[in-house]
Each structure stands twice: as C-alpha cells, then as structure tokens.
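Overview (structure and organization)
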Amino acid sequence: MRIPPSAIQTIQRRKSLQDHLKKAQDQPGPIDQDDQAADHVDAPEDLVAEPGGEAGDKDGHAEEPQEGGGGGAQNELGAHPAGIARPEAAEEHGAVDEGLGIAPGDHTGSGRHLGQGQGGLSSGVEDGVLTVQGRLTPGTFALPGDVSSQFVTGLLYALPLLEGDSRITLTTPLESRGYVDMTLEALERFGIRAECPDGRTLRVPGGQTYRPCRAAVESDYSQAAFYYAANGLGGQVEILGLNPRSAQGDRCIVPYHMQLCSPGEAELDVSQCPDLVPPLAAHAALRQGITRIVNAARLRIKESDRLTAVTQVLTALGADVVEGADRLTITGQPEGLAGGVTVDSHNDHRIAMMAAVAATRCAAPVTITGAECVAKSYPDFWEDYERLGGQIQRS
C-alpha cells in the first residue's frame, strides 16, 4: 500500500501567519484568534483497535494529515503583534496551556517567555482566555532555547515589522532547531531577512515588509513516522512524497527507523525531534533488543506529559518500559503484546496514534478512549488506518 503524508502543519501555519501579518500591515485593527478553539471532530470518544490487521493490504489514500499540536499556534501567536500595528487588546479563546507558559510573559524568564512588562506587552489569562495588550517594541529578547522553539518562531515573525532592529538571545541551547530553520526558510521566501550567526543569537532587522510568493508545503515527517513504526512492526506501507533534503528535524525518523530495525541495543537522542518519541516507542516495544530514548525532558510539556503517557499506555498493553526523568528504556518483545485493555489517549493525538499502531501487534483488542483527539493533527487518521488494513470498532 502506498501513502503520501500530507502537508506539514507547522509550515502551513507559518505561511498562514505570514499572510495574516501582510494583511495586518495594510489593515490595522483588533484581532480575535480562536482557531484552536474551533478544532473539533465528529468522531467516537472510544475506539477499539483490533489486533491482526496488517498495514498495507488495502488500497486507499491519505487525506491531509498535519503535524503539530494544539499549543503550536498559541505559542507562535503569543508573539504575534497584538500591538505591532495598534495597541488594542488581542484575545485568544480556548484552552490555554499554563504549564507551557503560553501567556506572553517576560522576555527574560523561562516561565512566561514573551513580553510581560518588556517590549511594550502585558498579558493575562482568565477563564481560559489569553489577553495580550500593548505595542511590541524592538530590542533584545532573552529566552530559553530548550522549552519551545515556537516562542522563537513567534518573535521571528513579529520583529521584522517593528521600526527598529531586534536581537533574540537564547539563554540555553536551542532544541528543535529544525523548526527554527523552517521558519527562517519561510521568512526568506516571503522577503524577510533574519540571521542566526552563532546558534544562540538571532538578528532581525526592523522596517521590513512581507512579500507575497508561491510556495509548496512539504509532506510531514512526524506523521510519516507512524507509518515507519507500522513498517517496523511488519507492515508494508510505501511512504511517498517526503523531501530528503528537508529542514524538518523529524527527518531523522529515517536513520532512527533503520537503527530500530536492526537487533541489539539502540540509543536515540530526541532533543531535536521530541514529536517522534511515541512512534519510536511503539516500534521499540516490539523489536529485538533494548532501546534507550534520551534527552526527552521536553516531552513533559507537550499536550500531555508524554514520557508518562507513553509509559502508561505501552505498559498497559504489555510492554516493558521504564521511565526516567528525561528518558525511556524499553526492552522489546518481538513476540507481541497482550493487549485486551482500555488505554487513555491523554487527550494527546500522538499517544492515540501510538496506541493504534501498537495494537496491531497485540493478542487481544485494545480500546482507546478519547480517540477523537487525533483531529489536532490528523483528522482522517482512523479512516486511513482502516484503508491500510487496520480493524476498528467505533462505540
């Protein structure tokens, strides 16, 4: 069975935000962002994945899977110029992840990362509504590089439109560097100059203007990773349309998959590709050998605490997973897992998809609660799962 992963959401979101910023330059006024709150899916809350369905035995077509999570647009919009063109308040409705510090906070702290009292912005969260007030001003912005690259991306979009030059200084090493590289590439296509001369400093000239252009959106390696995992478990999915020269950090799924397909011990550093942990863990749980997934502390501030969620779900299925502060140690069981249990998706799209892939190698059916959460990144996942030969029952 051949399947082309669809356009990567992080690139689509970058291009949409660039278009919005271009319009904001021409049409100043208040903004009301509620895109994340609008996410929904007409899907069952519980879904039973049957064992024995082998990926690759049916014809079908993947339709628009997308990378990313519910917090991504909020983090990037946190630096959106609520006050670039005007000082009015901007509001974003929906679930605000206060654990991530999504409210645009102080430039220099690791808790509130973007602007409380500096750069002209103030913000607050009340009843699930994030309110940002003020006018963003140019200057030096110091923030950690190991919490979320999305804060860096948000500033890279906003700062070029200010009157003066700005500098972003990273107080810790930058993780998920590939996403910042994608941002810089996208900005360049739209006529914006920014440079990162040393890996810890980004220089952004002010007074720039976004220019329209035609651009193709790449297929998504992070979604393709679940098909790589399925292949590692015995599936036969031919994955099409991925750019081998992509700046996506998740492109490392290719060498990591090859490593897991060889028996023996394996150690995978996921500091630059944390979204790959669920599919890598599913593969590791059923391979021959011990797998250590390391440098994964940031998984604790995703849509769920993904280190704990991966451990709980795979352990419930019968896998041997040991959770550490920033790592997972997984002893593979190539003979298969027991299954026959109900597992919680933790309202995390990647955990639900991990459970679905692992269920294909379980002896008994697996019930996944909150299965509709896949809509955050891949609304057609369950339909494509069936097209690829997976067996499910909706309830």
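My aim in this report is to walk through the structure given alongside it, one point at a time. (Residues numbered from 1 in each chain as written. Predicted model: local features only at pLDDT ≥ 70, side-chain atom pairs only at ≥ 80, totals over all residues. Heavy atoms only, no water.)

Some details on the nonpolar core
Where a protein is soluble and globular, its nonpolar side chains tend to be buried together. Stated precisely, the cut-off is as follows: Among buried residues, those of type Ala, Val, Leu, Ile, Met, Phe, Trp, Tyr and Cys that are joined through side-chain atoms within 4.5 Å constitute a nonpolar core. Partly exposed residues are those whose accessible area sits between 20% and 50% of the maximum for their type, while under 20% is buried and over 50% is exposed, using a 1.4 Å probe and protein chains only. Residue contacts follow a heavy-atom distance rule, with two residues in contact if any of their heavy atoms lie within 4.5 Å.
In terms of nonpolar packing, the biggest core is built from 68 residues, with Leu280, Leu314, Ile368 and Trp382 touching the most fellow members. Apart from residues lying up to four places away in sequence, leucine 314 is in contact with Ala281, Ala282, Ala285, Ala319, Val321, Met354 and Ala358. Core analysis: the second largest hydrophobic core is formed by 28 residues, Val132, Val180, Leu202 and Val204 among them.

Focus: unusual backbone geometry
The condition that has to hold: We count a stretch as a helix when DSSP gives it H or I for four or more residues in a row; a strand needs E for two or more, and each element gets its number in order from the N terminus.
For asparagine 295, which is not a glycine, the phi torsion comes out positive at approximately 55°. Looking at the secondary structure, you find asparagine 295 in the loop between strand S12 (290-294) and helix H8 (306-317). The backbone of asparagine 347 sits at a positive phi, close to 55°, despite the residue not being glycine. The residue asparagine 347 is located in the loop between strand S16 (342-344) and helix H9 (349-359) in this model.

Some points on the environment of valine 294
Mapping valine 294 onto the fold places it in strand S12. In this structure valine 294 comes out as buried when scored by relative accessible area, which is 5%. For the pair valine 294 and valine 270, spaced 24 residues apart in sequence, the C-alpha to C-alpha distance is 6.2 Å. Once you skip the residues sitting within four places of it in the chain, valine 294 turns out to touch Glu267, Leu268, Asp269, Val270, Ser271, Asp326 and Arg327.

Some thoughts on the sheet that holds strand S14 (residues 328-331)
Each strand in a sheet pairs with its neighbour through backbone hydrogen bonds, running either in the same direction (parallel) or in the opposite one (antiparallel). To keep it simple, the criterion reads: In short, DSSP must find at least two bridges between two strands for them to pair. Axis geometry follows a simple rule: fit a line to the C-alpha atoms, using only the stretch in contact for helices, then measure angles between N-to-C directions, giving values from 0 to 180 degrees.
Overall, mixed pairing links the four strands, which are arranged S11-S12-S14-S13 in an open sheet. The open sheet is flanked by strand S11 (266-269) and strand S13 (320-323), the only strands paired with a single partner. Neighbour-to-neighbour, the strand axes of the sheet open up by a mean angle of 15°, direction not taken into account. Across four bridges, the pairing between S13 and S14 is antiparallel. Following the sheet pairing, glutamate 323 is matched in S14 by leucine 328. Set on the sheet, helix H7 (residues 277-284) makes contact with S11, S12 and S14; between it and S12 the angle comes to about 165°. Contacting S13 and S14, H8 runs over the sheet at an angle of about 155° to S13.

Brief notes about the state of the cysteines
Applicable threshold: By disulfide we mean two sulfur atoms from cysteines, separated by a distance within 2.5 Å.
Taken as a whole and judged by the stated rule, the model has zero disulfides. Unpaired in this structure, cysteine 252 has its nearest cysteine sulfur neighbour in cysteine 273, at a distance of 3.2 Å.

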